[in-house]
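Chains, contacts and geometry: an overview
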Amino acid sequence: MAPITATIRDHLAMYLSQQGMSINQFAGQCGINSGTLSRLLNGQQPIAMNHLERITRGMQLPEDHFYSLYVDECFHHSPPSWRRLRPFLLRAADLGRLDCIERVVQNLLENLSYAPMLFEVAEGLFQQGLWQAAALLYKNVSASEKYQNSERLAVCQFRLFRISLGDDQTLNLQAALLFECYLDKLDEADQLDGLKHLINAYYSLHQWNKVDKLAQEMLHLATLRYNLKSHFNRKFNDEKVPEKPLCFYILYSHLMRASISEEHHDYISALKFVTLYMDESWIKEVKVDEEVQRTVEQFKEWGTANTLLYQVRSGQHETLAAYVEYISSRKDEIFVALYNILISANQYDWNIDYILKRFAYYIPYRTYSTEFGEYNQQIMKDQYARFLAELAIYYLHNKRNEGISLILQSLESSAKINNETIIIKCVDLFEQHRHLANKAEKQKYKLLIREVQDLNEKKAYHAASFV
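All values reported here derive from a predicted model rather than from experimental measurement. (Residues numbered from 1 in each chain as written. Predicted model: local features only at pLDDT ≥ 70, side-chain atom pairs only at ≥ 80, totals over all residues. Heavy atoms only, no water.)

**Remarks on the overall build of the protein**
In plain terms, the rule: Numbering of helices and strands runs from the N terminus; a helix is a DSSP stretch of H or I covering at least four residues, while a strand is a stretch of E covering at least two. Two things to know: the radius of gyration comes from C-alpha atoms, and the globule rule equals 2.2 Å times the number of residues to the power 0.38. Burial classification: accessible surface area is computed with a 1.4 Å probe over protein chains only, and a residue below 20% of its type maximum counts as buried, one above 50% as exposed, and the rest as partly exposed.
Looking only at helices and strands, the protein has 23 helices and 2 strands in total. Relative to the globule expectation of 23 Å for 467 residues, the C-alpha radius of gyration of the protein, 29 Å, shows a markedly less compact shape. Along the longest, intermediate and shortest principal axes, the C-alpha atoms of the protein span 85 × 70 × 45 Å. Of all 467 residues assigned to the protein, the portion counted as buried reaches 49%.

**Considerations on the environment of Phe232**
Relative to the assigned elements, Phe232 resides in helix H13 (residues 208-232). Each C-alpha atom of the pair Phe232 and Ala6 lies 64 Å from the other, and the pair is 226 residues apart in sequence.

**Focus on the packing of helix H12 (residues 188-204) against H13**
Pairs of packed helices are described in terms of their axes, by the angle between the two and the distance that separates them. We count it as follows: Here, axes are lines fitted to C-alpha atoms. For helices the fit covers the stretch in contact, and angles between N-to-C directions go from 0 to 180 degrees. Throughout this description, any angle smaller than 35 degrees is read as roughly parallel, any larger than 145 degrees as roughly antiparallel, any in the 65 to 115 degree range as roughly perpendicular, and the remainder as oblique. For any pair of crossing helices, the crossing counts as left-handed if the nearer helix is rotated counterclockwise from the farther one by less than a right angle, and right-handed if it is rotated clockwise. Any two residues whose heavy atoms approach within 4.5 Å at even a single point are treated as in contact. Under the grouping applied here, Gly and all other residues not named as nonpolar or charged are polar, the nonpolar ones being Ala, Val, Leu, Ile, Met, Phe, Trp, Tyr, Cys and Pro and the charged ones Asp, Glu, Lys and Arg.
Look at H12 against H13: their axes get within 9 Å of each other, and the N-to-C directions meet at 160°. Classified by the angle their axes make, H12 and H13 are roughly antiparallel. Crossing angle aside, the handedness with which H12 passes H13 is left-handed. For the pair H12 and H13, the contacting residues are Glu188, Ala189, Gln191, Leu192, Leu195, Lys196, Leu198, Ile199, Tyr202 and Tyr203 in the first and Trp208, Lys210, Val211, Leu214, Ala215, Glu217, Met218, Leu221, Ala222 and Arg225 in the second. Of the residues in the contact of H12 with H13, the class split is 14 nonpolar, 1 polar and 5 charged.

**Remarks on helix H3 (residues 34-41)**
Along an α-helix, a turn takes 3.6 residues, which lines up residues three or four apart on a common side. Threshold: Arc definition: directions from the helix axis to the C-beta atoms.
Turning to H3, its buried residues number three or more, namely Thr36, Leu37, Leu40 and Leu41. Seen along its axis, H3 keeps its buried residues to an arc of 135°; they face one direction. Against the buried residues of H3 lie helix H1 (8-19), helix H2 (23-30) and helix H4 (49-58).

**So, the packing of aromatic side chains**
What counts is decided by this rule: Stacked, tilted and edge-to-face pairs are distinguished by plane angle, under 30 degrees for stacked and over 60 for edge-to-face with tilted covering the rest, among Phe, Tyr and Trp rings (Trp via its six-membered ring) whose centres lie within 6.5 Å.
A full pass over the atoms with the stated rule returns 24 aromatic pairs. Ring plane angle 80° and centroid distance 5.2 Å describe the contact between Tyr226 and Trp282, whose orientation is recorded as edge-to-face. Of this pair, Tyr226 sits in helix H13 while Trp282 sits in the loop between helix H15 (267-278) and helix H16 (290-313), and the two are 56 residues apart along the sequence. Judged by relative accessible area, which is 26%, Trp282 ranks as partly exposed. Between the aromatic rings of Phe335 and Phe387, the centroid separation amounts to 5.0 Å while the plane-to-plane angle is 55°, which identifies the pairing as tilted. Note that Phe335 is positioned in helix H18 (residues 334-348) and Phe387 in helix H20 (residues 377-397), a separation of 52 residues in sequence. Residue Phe335 shares its accessibility class with Phe387, and that shared class is buried. Among the aromatic residues, those joined into a ring-pair cluster are Phe248, Tyr249, Tyr252, Tyr277, Phe299 and Trp302.

**Digging into the nonpolar core**
If you look at soluble globular proteins, the nonpolar side chains tend to sit buried side by side. As a reminder, the rule being used: Note on terminology: a nonpolar core comprises buried Ala, Val, Leu, Ile, Met, Phe, Trp, Tyr and Cys residues joined through side-chain atoms within 4.5 Å.
In terms of nonpolar packing, the biggest core is built from 154 residues, with Phe26, Ile101, Leu118, Phe161 and Ile352 touching the most fellow members. Leaving out residues up to four positions away in the same chain, Ile352 has contacts with Leu320, Ile341, Leu342, Ala345 and Tyr394.

**Looking at the pattern of salt bridges**
Charged atoms that come close allow side chains of opposite charge to pair. Stated formally: Whenever Lys or Arg places a side-chain nitrogen within 4 Å of a carboxyl oxygen from Asp or Glu, that contact is recorded as a salt bridge.
Taken as a whole, this structure holds 29 salt bridges when the rule is applied. Salt-bridge contacts for Glu151 lead to Lys240; the nearest nitrogen and oxygen are separated by 3.4 Å. Of this pair, Glu151 sits in helix H10 (residues 151-164) while Lys240 sits in the loop between H13 and helix H14 (246-263), and the two are 89 residues apart along the sequence. In the salt-bridge network here, residues are joined through shared partners; they are Arg9, Glu73 and Arg84.

**Focus on helix H9 (residues 131-144)**
To keep it simple, the criterion reads: To estimate the expected span of a helix, count its residues, drop one, and scale the result by 1.5 Å.
Taking 1.5 Å of rise per residue, 14 residues should cover 20 Å, and H9 covers 20 Å from first to last C-alpha, within 8% of that figure. Across the 14 residues that make up H9, a large majority, 10, are buried. Among all positions of H9, only Ala133, Ala134, Ala135, Leu136, Leu137, Tyr138, Asn140, Val141, Ser142 and Ser144 are buried. Here the buried face of H9 lies against helix H6 (82-94), helix H7 (98-108), helix H8 (115-128) and H10.

**Quick notes on unusual backbone geometry**
Most peptide bonds are trans, and most residues other than glycine sit at a negative phi. Backbone geometry at Asp349 places phi at a positive 60°, although glycine is not the residue there. Relative to the helices and strands, Asp349 resides in the loop between H18 and helix H19 (353-358). The residue Asn418 is not glycine, and still its phi comes out positive at about 55°. With respect to the secondary-structure elements, Asn418 resides in the loop between helix H21 (402-416) and helix H22 (420-432).

**Quick notes on the side chain of Glu285**
We count it as follows: Within this scheme the basic residues Lys and Arg register as positive and the acidic residues Asp and Glu register as negative, but His and the chain ends are omitted.
For Glu285, the location among the structural elements is in the loop between H15 and H16. The charged side chain of Glu285 is buried without a salt bridge, its nearest counter-charge being Lys229 at 4.6 Å. In this view, Glu285 contacts Tyr226 and Val292; residues no more than four positions away in its chain are not counted.

**Some thoughts on the state of the cysteines**
Applicable threshold: We call a pair of cysteine sulfur atoms a disulfide whenever their separation is within 2.5 Å.
In the structure shown here, the tally under the stated rule is 0 disulfides. No disulfide involves Cys100; its sulfur sits 10 Å from that of Cys74, the nearest cysteine. Taking the relative accessible area as the measure of exposure, Cys100 reaches 0% and is therefore buried. The thiol of Cys181 is unpaired, and the distance to the nearest cysteine sulfur, on Cys156, comes to 16 Å. Taking relative accessible area as the criterion, Cys181 reaches 54% and is therefore assigned exposed.

See below:
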């Protein structure tokens with residue numbers, strides 16, 4: 001026979017007995033009406049969340065002390081009530097009590113009518129940045145609706161995709177592939193944001209064909225919505241809106257296609273796309289909407305910088321000084337610019353020592369923030385690992401042994417994000433220049449290779465699990 005677990009009421013009664021306190025005395029101490037407290041103790045009234053907080057505080061215990069027992073209270077000692085459970089879920093999320101949230105959700109989803117309410121709580125937690133708790137709810141709601149093929153299921157998968165993105169590129173790829181299956185089930189506004197986040201994920205993975213395909217889908221959808229909105233010149237009250245102004249998604253699609261052209265060294269096409277995302281003539285709201293104005297300014301600034309960049313990348317050394325001066329006053333852009341300058345220097349055998357010295361403070365990059373928002377973290381971490389490898393090549397080409405240290409830094413960074421391409425590049429570079437490495441550097445290389453092997457085993461395990 002299972003042991004009988006003491007209830008919150010039992011603990012309170014024991015406390016009163018041990019302290020020699022009456023109900024009236026404790027009522028004054030915890031701030032609950034004495035009549036209400038008496039009914040709670042006698043089991044004549046269920047314990048509400050505000051009662052639990054006051055009782056716990058009155059007993060001078062940690063706020064979540066009775067949380068596990070409160071789950072029992074809500075399901076085994078009284079009928080479940082959403083009025084009690086919703087505030088409990090929110091507070092448990094604040095305090096990181098995922099174990100209690102899991103138990104509540106498992107009990108509630110025996111009745112699928114609770115799925116919409118749990119989804120609403122998950123959305124609130126997601127907006128507050130309580131992503132672990134939100135993920136737990138989204139996963140359970142998804143499991144309850146996996147045969148429904150609903151928009152709510154698609155939104156759950158979209159949120160889980162956002163939450164799951166991290167440093168490991170193998171896991172990011174798996175998350176992107178899983179979410180992509182649900183993209184067309186989303187509302188069109190969410191589709192635009194889903195496309196943006198998928199594009200960023202595949203961009204950091206260097207899957208250019210995917211990026212191009214999704215950018216064209218974004219352009220098509222955003223253009224349709226923009227033209228429809230412009231034609232009717234109104235918005236329905238219940239209509240979802242994307243995170244950014246509609247013009248952003250049109251301009252962003254051109255920016256991404258310019259970046260793909262750059263990756264393919266097709267700078268003529270890249271510059272054609274630049275003219276498209278710098279063109280504001282078709283944007284009707286630019287003079288009346290401040291956010292639209294900022295969006296247009298953002299793309300114009302990128303366009304000006306990228307026009308110079310593509311000239312530098314195509315080997316026009318005479319443009320380098322102008323590009324350096326342009327980015328010098330834009331501190332948030334300097335690291336990205338240095339990366340591109342370094343690639344060009346290695347490709348065309350330029351000496352850029354004076355540039356590296358001038359901007360030494362910005363190596364490594366120090367922030368994801370910019371005046372217009374944040375850089376995508378996955379893209380930046382990938383770019384940083386690549387930057388270190390390029391800088392190692394530059395130094396070694398110029399007979400500087402500190403290039404070995406940079407290879408090791410790049411190998412360490414690429415191992416953290418599980419980027420196989422850069423790892424292989426670093427291994428190849430180190431083996432070519434092993435004779436320049438000292439004993440400590442060789443030992444560190446050996447340790448990093450072991451870490452890479454461990455990551456490969458982990459990667460194989462996750463791949464098997466994904467299948």
